[in-house]
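The primary structure of each chain is shown beneath.
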Amino acid sequence: MSTQPSHWFVKDEGDIAGPLTEAEMRQLVMQSSRRTLFVRQGTSDWHPAEVIRNKINKLANSGIYVLANGIAEGPFTFTKAYEVLQAPQYADGKVRTGLNGDWFPAHLWLGKVEELKRDHELQKDGGPLTRSMADVANLAGKFLEQMDKPGTYTLGSKTLVPPTLKSFPWHGKRFTSRTIGIAAGIGLLLASIAFAGWRTLHAYQCRHITAHYRVDASCDPSVPTPNSPTPKISIQKVSTSGSMKVVPGQLFRPTFITTLGRVNAGTAFIAKVPGRDGTLVISSLQLLGPTGGLNTNILATSVSQQWSGLALQDCLKSESIIDVAIRPITFNKSAPFPDTSLHGDIVVCELIASDAFQKMALPLSSRSPVVGEHVWLLADVMGSDSFFHPAVISSIEDGWLVYTFDAPTIPLQATNGAPIVDYSGSVIAVNAAGGEDHGKTIGIGTPVAKFYDYLLSEL
């Protein structure tokens, strides 16, 4: 077996697999809960997979992500990101810090690293001694973090401290508070210009997402209106995929009864929070609006007042349950796709009489998905003979989970609100939209991690 420093190996009860790429290692680690699994890189010591898993989860929020050719990779440490960006295919790429940072040209970040390497050469015995690459990349990462926050004091290639400090050492000199004040003023002006540019770009991106990744919420194009009868659902489908399966009582075509009218659109599923009582119905908030056939959107803050009833038609059995007793849960910080919000595009209610659904409920997972991970859309898709539609997570954009389906073309009509599950069958996202990009079908969903903690507080 190869023992190159960049290769990874996993060991489970004496059996060793490898060499693996970092992406393959991450997928294996995130998909396993076995305490006997250990990981190492090259010829280093073996570490418990749980330790690596915790580091991956922590890095997801603070690491560096690289975007090239429409595919986001990461998260990387600063040093690894610097190494990755040396490859020619990333010459026109972008880079950001953390899941929610803004994208900036990769050459800007690389230029900062190279400048810091030059600026921080230390004299020792008459010759230059460069700081470790980790130190330099860490400083570049802090520079990128500041670029993410309009109003911080960044001027040209130098990162300054706020003017509350009297002086700051830099190359053996000291900036006076007056110098810092002037620099801060210029920095604030530049930051304001950058912020205005970001707002313009963000607005463009939202329009682009809306134009390219909005899906039809109706079950059948021939039945477009919300007041039409719910169409019959084909049951000649495969309901299993490996060890996972879809059973009656999990996936439904919902009918939402609202003060603005009835909505027959999208998909809903039965879910539960592991270790908590209560059974939930989860779908997409955008269905309670023009996407579902209403004249206007029902605001997230008004869901509990305007969503008054629910009927469910089972996707497997084609049986309907009328007048389901529910308690809508208000997510004040939810918003319909493509608007970015804290809780995402979700609508949730708790079943008052839930005994009949408890055993079928899909478990929700609070973990953060990773790029390169295999997932499945569970949905009744027209023209498909399966309820399982495999995909790979390609990026995380503005809080949305983006995944590319294995099949080149999938008609995603009426999959708004369908669950995205991981290897264990746990729900990690709620499908919000989809479309085609360069001959591939793309899906966009709300990560469960965005609303999981708030949901716990409401149960």
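Residues numbered from 1 in each chain as written. Predicted model: local features only at pLDDT ≥ 70, side-chain atom pairs only at ≥ 80, totals over all residues. Heavy atoms only, no water.

S.K.: If you had to explain the overall build of the protein to someone new, which residues and values would you point to?
M.R.: Regarding its fold elements, the protein presents 8 helices and 31 strands. Burial statistics for the protein: of 459 residues in total, 48% are counted as buried. Here the analysis covers contacts within the protein between residues at least 6 apart in sequence; of these, 62% occur between residues at least 24 apart. For the protein, the exposed surface amounts to about 21,800 Å²; the carbon and sulfur share of it is 55%. (Helix = DSSP H or I, 4+ residues; strand = E, 2+ residues; numbered from the N terminus. Buried < 20%, exposed > 50% of the residue type's maximum accessible area, 1.4 Å probe, protein only. Contact = heavy atoms within 4.5 Å. Areas by Shrake-Rupley, 256 points an atom, 1.4 Å probe, with all protein chains shown as cover.)

S.K.: Give a detailed account of the pairing of strand β31 (residues 440-447), specifying residues and quantitative values.
M.R.: Burial within β31 is extensive, with 7 of its 8 residues counted as buried. Bridge count between strand β28 (residues 400-405) and β31: 4 bridges; the pairing is antiparallel. Bridged to Val 402 within β31 is Ile 444. Sheet topology places strand β30 (residues 427-437) next to β31; 8 bridges connect them, and they run antiparallel. Each bridged residue has a counterpart across the sheet, and for Gly 435 the counterpart in β31 is Ile 442. (Pairing = 2+ DSSP bridges.)

S.K.: Got a sec to walk through the sheet that holds strand β4 (residues 47-48)? Specific residues and values, please.
M.R.: Strand order in the open sheet made by the 4 strands is β2-β1-β3-β4, with antiparallel pairing throughout. The open sheet is flanked by β2 (15-20) and β4, the only strands paired with a single partner. By the bridge criterion, 5 bridges tie strand β1 (residues 8-12) to strand β3 (residues 37-41) in an arrangement that is antiparallel. Bridging across to β3, Trp 8 finds its partner in Gln 41.

S.K.: Describe the environment of Ser 366, and please don't skip the residues or the numbers.
M.R.: Topologically, Ser 366 is positioned in the loop between β25 (362-363) and β26 (374-378). The spatial distance from the C-alpha of Ser 366 to the C-alpha of Ser 426 is 9.5 Å, given a sequence separation of 60 residues. Filtering out sequence-adjacent residues up to four positions away, Ser 366 remains in contact with Ala 449 and Tyr 452.

S.K.: Lay out unusual backbone geometry in plain terms, naming residues and giving numbers.
M.R.: Pro 338 follows Phe 337 through a cis peptide bond whose omega is 10°. Residue position: Pro 338 is located in the loop between β23 (326-329) and β24 (347-351). A positive phi is found at Ala 414, a non-glycine position, where the angle reads about 70°. Along the chain, Ala 414 falls in the loop between β28 and β29 (419-421).

S.K.: Break down the side chain of Ser 426 for me, citing the residues and quoting the values.
M.R.: Mapped onto the fold, Ser 426 is located in the loop between β29 and β30. Each residue touching Ser 426, except ones within four places of it in the same chain, is listed here: Pro 363, Ser 365, Ile 420 and Val 421.

S.K.: Please set out the nonpolar core residue by residue, giving values where relevant.
M.R.: If you look at the biggest cluster of nonpolar residues, it comprises 27 residues, and the most contacted ones within it are Phe 269, Leu 280, Ile 282, Val 348, Leu 364, Leu 378 and Leu 455. Leu 378 has contacts with Val 246, Leu 251, Leu 362, Phe 387, Phe 388, Ala 418, Pro 419 and Val 421, leaving out every residue within four places of it along the chain. Formed by 25 residues, the second largest nonpolar core is a distinct cluster that contains Ala 268, Ala 300, Val 303 and Trp 307. (Core = buried A, V, L, I, M, F, W, Y, C linked by side-chain atoms within 4.5 Å.)

S.K.: Break down the confidence of the model for the protein for me, with residues and values.
M.R.: Summing up the model confidence of the protein, the mean pLDDT is 75 and the portion of residues at 70 or higher is 67%. pLDDT under 50 marks residues 122-131. Its contacts with residues more than four places away, or in other chains, come to 14 contacts. Below pLDDT 50 for its whole length, residues 201-211 participates in 10 contacts with residues either more than four positions away or in separate chains. (pLDDT = per-residue confidence, 0-100.)

S.K.: Quick rundown of the environment of Cys 315? Include the residues and the values.
M.R.: Take Cys 315: it is sitting in the loop between β21 (307-314) and β22 (320-321). A residue is classified by how much of its surface remains accessible, and Cys 315, at 1% relative accessible area, is buried. Considered as a pair, Cys 315 and Pro 248 are 67 residues apart in the sequence and their alpha carbons are 7.4 Å apart.

S.K.: So what's going on with the pattern of salt bridges? Residues and values would help.
M.R.: This model, assessed by the stated rule, comprises 3 salt bridges. Close ionic contact of Arg 367 with Glu 373 constitutes a salt bridge, the shortest N to O distance being 2.1 Å. Looking at Arg 367, the relative accessible area reads 16%, which means it is buried. Note on Glu 373: relative accessible area 1%, which makes it buried. Note that Arg 367 is salt-bridged to Asp 422, the shortest N-O span being 3.3 Å. Taken together, the residues span a long stretch of sequence, with Arg 367 in the loop between β25 and β26 and Asp 422 in the loop between β29 and β30 at a distance of 55 residues. (Salt bridge = Lys/Arg side-chain N within 4 Å of Asp/Glu carboxyl O.)

S.K.: Before we move on, could you go through the sheet that holds β26 and cite the residues and values that matter?
M.R.: Pairing is antiparallel in the closed barrel, where 6 strands are placed in the order β26-β27-β28-β31-β30-β29. On average, adjacent strands in this sheet sit at an angle of 45° to one another, irrespective of strand direction. Where β26 and strand β27 (residues 388-397) come together, 5 bridges link them in antiparallel fashion. Paired with Trp 376 across the bridge in β27 is Pro 390. (Axes fitted to C-alpha atoms, helices over the stretch in contact; angles between N-to-C directions.)

S.K.: Describe empty space enclosed by the protein, and please don't skip the residues or the numbers.
M.R.: The full count for this structure, using the stated rule, is 2 cavities of 30 Å³ or more. Approximately 40 Å³ is the volume attributed to the largest cavity. The wall of the largest cavity is formed by Leu 285, Ala 300, Val 303, Ile 329, Thr 330, Phe 331, Ser 334, Ile 346, Val 347 and Val 348. When its residues are assigned to classes, the lining of the largest cavity shows 8 nonpolar, 2 polar and no charged. (1 Å grid on protein atoms, 1.4 Å probe; cavity = no way out; pocket = protein on both sides within 12 Å on 5 of 7 lines; lining within 4 Å. Points joined across faces, edges and corners; volume = space filled by probe spheres on them. Nonpolar A, V, L, I, M, F, W, Y, C, P; charged D, E, K, R; others polar.)

S.K.: Report on the packing of aromatic side chains, specifying residues and quantitative values.
M.R.: Following the criterion strictly, the structure yields 6 aromatic pairs and no others. Here the aromatic rings of Phe 331 and Phe 451 are separated by 6.1 Å at their centres, their planes lie at 90°, and the arrangement is edge-to-face. Here Phe 451 lies in the loop between β31 and α8 (452-458) and Phe 331 lies in the loop between β23 and β24, a separation of 120 residues in the sequence. Of the two residues examined, Phe 331 and Phe 451, each falls in the buried class. Among the aromatic residues, those joined into a ring-pair cluster are Phe 331, Phe 451 and Tyr 454. A cation sits over an aromatic face here: Arg 40 above Phe 9, 5.8 Å from the ring centre. Above the plane of the ring of Tyr 65 lies Arg 96, whose end atom (NZ or CZ) is 5.5 Å from the centre. (Phe/Tyr/Trp six-rings, centres within 6.5 Å; stacked < 30°, edge-to-face > 60°. Lys NZ or Arg CZ within 6 Å of the ring centre and 35° of its normal.)

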